[in-house]
Amino acid sequence: PRLILLADECDPFSRALILRGLAVANVNIIKDEASQMPSDEEVDLRSTTTLRGHLKHLETLVHHNIDTLIGPTRRDIDTEDIAPARDSQSLIEPVTVTVEFTVINRKRFPTSRYLFIEVDPVATLVSF
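Since the structure is predicted, the reported quantities are computational estimates derived from the model, not experimental observations. (Residues numbered from 1 in each chain as written. Predicted model: local features only at pLDDT ≥ 70, side-chain atom pairs only at ≥ 80, totals over all residues. Heavy atoms only, no water.)

## A word on the environment of serine 47
Along the chain, the position of serine 47 falls in strand E3 (residues 43-63). Given a relative accessible area of 17%, serine 47 falls into the buried group. Residues serine 47 and alanine 34, 13 residues apart in the sequence, show an inter-C-alpha distance of 9.3 Å. When neighbours within four sequence positions are excluded, serine 47 is seen to be in contact with Ile30, Lys31, Val103, Ile104 and Asn105. (Helix = DSSP H or I, 4+ residues; strand = E, 2+ residues; numbered from the N terminus. Buried < 20%, exposed > 50% of the residue type's maximum accessible area, 1.4 Å probe, protein only. Contact = heavy atoms within 4.5 Å.)

This is the structure:
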């Protein structure tokens with residue numbers, strides 16, 4: 001899939017930022033019984049919420065003439081065209097990023113938060 005962000009929608013020769021790659025997100029909410037007090041009927045509940053995001057082969061391109069990519073009517077989008085066009089300049093080479101955030105809540109205990117980020121090696125191109 002591609003996400004195309006235009007600099008100026010009215011200009012047919014506008015530049016565009018193109019994000020291409022696979023994005024997957026998962027949310028898990030688990031509520032379970034952590035312990036039960038023998039003298040009370042009260043149950044200690046633990047709530048664990050986890051958010052995982054995975055961007056696979058995310059590629060960032062600047063396309064100099066959007067007409068050649070999606071056409072002058074903005075309706076001629078070719079979703080099968082995966083190869084970068086000759087008018088495109090790569091900003092970041094394809095990268096894979098994984099982010100995981102977990103929050104654990106429990107009565108009588110402090111809230112725990114965990115953040116895990118993993119990024120594959122990245123190459124950037126800067127030109128003037």
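## A short note on the pairing of strand E4 (residues 88-106)
Bridge count for E3 against E4 is 15 bridges, and the pairing is antiparallel. Across the sheet, residue histidine 63 finds its bridge partner in E4, namely serine 88. Bridge analysis of E4 against strand E5 (residues 112-119) gives eight bridges, and the strand direction is antiparallel. Bridge pairing in E5 links isoleucine 104 to serine 112. Linking E4 to E5, which pair antiparallel, is a turn of five residues; within it arginine 108 sits at a positive phi near 65°. (Pairing = 2+ DSSP bridges.)

## Describing the environment of leucine 5
Positionally, leucine 5 belongs in strand E1 (residues 2-6). Residue leucine 5 is classed as partly exposed on the basis of its relative accessible area, which comes to 41%. Here the alpha-carbon distance between leucine 5 and leucine 19, two residues 14 residues apart in the chain, equals 8.3 Å. For leucine 5, the contacting residues outside a window of four places in its chain are Arg15, Ala16 and Leu17.

Purely geometric stuff here, so don't read any function into it on its own.
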